[in-house]
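Understanding the architecture of this molecule
Next come the chains, spelled out residue by residue.
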Amino acid sequence: MPVGAPYTCPVTAPTPPAVRPLTIGPHEVWPPVVLAPMAGITNVGFRRLCREQGGGIYVCEMITTVALVERNPKTLRMIAFGEEEKPRSLQLYGTDPEITAAAARIVVEKDLADHIDLNFGCPVPKVTRRGGGSALPWRRRLFARLVKAAVDAASPAGVPVTVKMRKGIDDDHLTYVEAGLAAQDAGVAAVALHGRTAAQRYSGTADWDAIANLKQALDVPVLGNGDIWEGDDALRMVAHTGVDGVVVGRGCLGRPWLFADLEAAFDGRPERKLPTLGEVAATMRRHAELLVEQFTAGARNPARGERDGCTDFRKHVAWYLKGFPVGSELRRSLAMIESLAQLDDLLGKLDPAEPFPVAALGQPRGRTNSPGKVHLPDGWLASRDDDTVPEGAELDDSGG
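Residues numbered from 1 in each chain as written. Predicted model: local features only at pLDDT ≥ 70, side-chain atom pairs only at ≥ 80, totals over all residues. Heavy atoms only, no water.

In the annotation of an unreviewed UniProt entry, the chain is listed under the name NifR3 family TIM-barrel protein and assigned to Micromonospora olivasterospora.

Have a look at this one:
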């Protein structure tokens, strides 16, 4: 359900750089855009909503390797794709090369996905204090072993493996170029870099110069991640860094039509979406409907499925209404819905003619926390060549 009619943005768009379709193993993708996996966000309903706006690769929520190997029921339910999703993209989080290889073999043998991405970018303390996520590339031998284990398990079946990472632990412990080269040597199909350190979390400005450095160092495709708030930001990133594609995370929260803008930008078309509040309301209704459909599928109690789908939608309300003059009471009521009928009633109270708040364009969305100390296991920084699997770093809870 595309949002509104094409609208030419009053801001002059940059000239699109020469960009080819993104190639990930046997998969060719246009536009060269990847939706980053986000916990509790990028489920099958949200991905379908985004795909209705524009093309790209849409990654499901992060799956932990140990939960997949142990056939955790919640994890298995999360690995769900729509018929239109090609390629099916799945991100794995793991710290043990053997368990990661076993998980990759399951993906291949059960035909669960067409593409595997490995998560080395998570900066949250519960992950880094155990040596996982963005802390793990510091242990370069363990990192190389883990990536190679996944590639060796998946690639012979034609399932490409990619890596997503950050610049490093902090500015004194940068790893991104060395890790990118190690991943390339292990046989990955592409490397994505979020231009922040783990210490930055989601604060400050993404370092596009670092992304450019990585692009110059590698032969495999490189994807840039960080501060893609508008379609034209993607063009600027490609022009600045030379990357082969972009990864979009927080920028699409409450704005799935960003993927229409990204497609138009890469196609060289000037139109951008500035939906009225009425059009945003229609998109909110579509989003909730898709979530209800997702949670109702296979449920014994359809009423429970509708309630769960509406509950899952609540977190999106503030993002959709960001910048619009909507009263606090109506916002609060929308964030407490339990049924589609209740949602319809509340959306009917919005002013459909209210124009899009252009002041919100280019502004950060979602998490914007402060930088902080990275929690690491004792002695983690002492040796870069210790390839011992960190104790207790495997997570059994998929999604993040």
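1. Focus: the pattern of salt bridges
Under the counting rule described, the total for this entry stands at 29 salt bridges. Between R236 and D233 there is a salt bridge; the shortest N-O distance is 3.1 Å. Taken together, the positions of R236 and D233, both in helix α9 (residues 231-241) and 3 residues apart, correspond to about one turn of that helix. Assessed through its relative accessible area of 38%, R236 is described here as partly exposed. Taken together, the shared-partner salt bridges in this structure form one network comprising R48, E52, R285, R286, E289, E293 and D344. (Salt bridge = Lys/Arg side-chain N within 4 Å of Asp/Glu carboxyl O. Helix = DSSP H or I, 4+ residues; strand = E, 2+ residues; numbered from the N terminus. Buried < 20%, exposed > 50% of the residue type's maximum accessible area, 1.4 Å probe, protein only.)

2. As for the packing of aromatic side chains
Across all of its chains, the model carries 6 aromatic pairs by this definition. Ring plane angle 65° and centroid distance 4.8 Å describe the contact between F120 and F143, whose orientation is recorded as edge-to-face. Note that F120 is positioned in strand β8 (residues 115-120) and F143 in helix α6 (residues 140-154), a separation of 23 residues in sequence. Among the aromatic residues, ring-to-ring pairing joins W257, F324 and F356 into one connected group. Seen from the ring of W380, R139 lies directly overhead, with NZ or CZ sitting 4.1 Å from the centre. One cation-aromatic arrangement involves R384 over W138; the distance from NZ or CZ to the ring centre is 4.3 Å. (Phe/Tyr/Trp six-rings, centres within 6.5 Å; stacked < 30°, edge-to-face > 60°. Lys NZ or Arg CZ within 6 Å of the ring centre and 35° of its normal.)

3. Let's talk about the packing of α6 against helix α7 (residues 176-186)
As a packed pair, α6 and α7 sit with axes 9 Å apart at the nearest point and diverge in direction by 35°. The interaxial crossing formed by α6 with α7 has right-handed handedness. Two secondary-structure elements touch here, α6 through R140, F143, A144, V147, K148 and V151 and α7 through E178, A179, A182, A183 and A186. For the contact of α6 with α7, the class distribution of residues is 8 nonpolar, no polar and 3 charged. (Axes fitted to C-alpha atoms, helices over the stretch in contact; angles between N-to-C directions. Left-handed = near helix turned anticlockwise from the far one by under 90°. Contact = heavy atoms within 4.5 Å. Nonpolar A, V, L, I, M, F, W, Y, C, P; charged D, E, K, R; others polar.)

4. Brief notes about the sheet that holds strand β7 (residues 89-93)
Spatial strand order, β5-β4-β12-β11-β10-β9-β8-β7-β6: 9 strands in an open sheet with parallel pairing. One side of each edge strand has no neighbouring strand; the edge strands of this open sheet are β5 (57-58) and β6 (63-64). Across 4 bridges, the pairing between strand β10 (residues 190-194) and strand β11 (residues 222-225) is parallel. Note on β11: the bridge partner recorded for L193 is G224. (Pairing = 2+ DSSP bridges.)

5. Overview of the nonpolar core
Ranked by size, the top nonpolar core spans 69 residues in total, and within it I116, L118, F120, V147, V163, M165 and V246 carry the most contacts. For this core, the element with the most residues is α6, which contributes 9 residues. Among residues more than four places away in sequence, those in contact with V147 are L118, F120, V163, A183, A186 and V188. L274, V280, L291 and L347 belong to the second largest nonpolar core, which has 27 residues in total. (Core = buried A, V, L, I, M, F, W, Y, C linked by side-chain atoms within 4.5 Å.)

6. What about helix α12 (residues 302-313)?
Spanning 12 residues, α12 covers 17 Å between terminal C-alpha atoms, matching the ideal 16 Å at 1.5 Å per step. The set of residues buried in α12 consists of G305, G309, C310, D312 and F313. Mapping the buried residues of α12 onto a view down its axis gives an arc of 160°, with all of them on the same face. Two to three positions downstream of the cap, the backbone nitrogen of A303 sits 3.0 Å from a side-chain oxygen, assigning the N-cap of α12 to N301. (Expected span 1.5 Å × (residues − 1). Arc of directions from axis to C-beta. Polar contact = N/O pair within 3.5 Å; in protein donor to acceptor, adjacent residues only side chain to side chain.)

7. What to know about the packing of helix α11 (residues 277-296) against helix α15 (residues 340-347)
Relative orientation of the contacting elements α11 and α15 amounts to 175°, with a least axis distance of 11 Å. Taken as axis vectors, α11 and α15 run roughly antiparallel relative to one another. Here α11 contributes A281, M284, R285, A288, E289 and V292 to the contact with α15, which in turn contributes L340, L343, D344 and L347. Its residues placed into classes, the contact of α11 with α15 shows 7 nonpolar, no polar and 3 charged. (Parallel < 35°, antiparallel > 145°, perpendicular 65-115°, else oblique.)

8. A closer look at the confidence of the model for the chain
When pLDDT is averaged across the chain, the result is 93; 95% of the residues are at 70 or more. Across residues 4-8 the pLDDT falls below 50, and counting only partners more than four positions away or on other chains, this stretch makes 13 contacts in the model. (pLDDT = per-residue confidence, 0-100.)

9. Let's talk about unusual backbone geometry
Residue W30 is joined to P31 through a cis peptide bond whose omega torsion reads -5°. Inspection of the secondary structure assignment puts P31 in the loop between β3 (27-29) and β4 (33-35). Unusually for a residue other than glycine, D111 sits at a positive phi of about 50°. Of note, D111 is situated in the loop between α4 (97-109) and β8. D111 gets classed as partly exposed once you look at its relative accessible area, which sits at 49%. The backbone phi angle of D227 is positive, close to 65°, even though this residue is not glycine.

10. Thoughts on the pairing of β8
In terms of burial, β8 is a largely internal element, 6 of the 6 residues being buried. Burial along β8 is two-sided: the face carrying H115, D117 and N119 and the face carrying I116, L118 and F120 are both buried. Across 4 bridges, β7 lies against β8 in parallel orientation. Its bridge partner lying in β8, L90 is registered against I116. Handedness of the β7-α4-β8 crossover: right-handed. Where β8 and strand β9 (residues 161-166) come together, 5 bridges link them in parallel fashion. When the bridges of β9 are listed, L118 appears paired with V163. (Right-handed = clockwise from strand over helix to strand, strands pointing away.)

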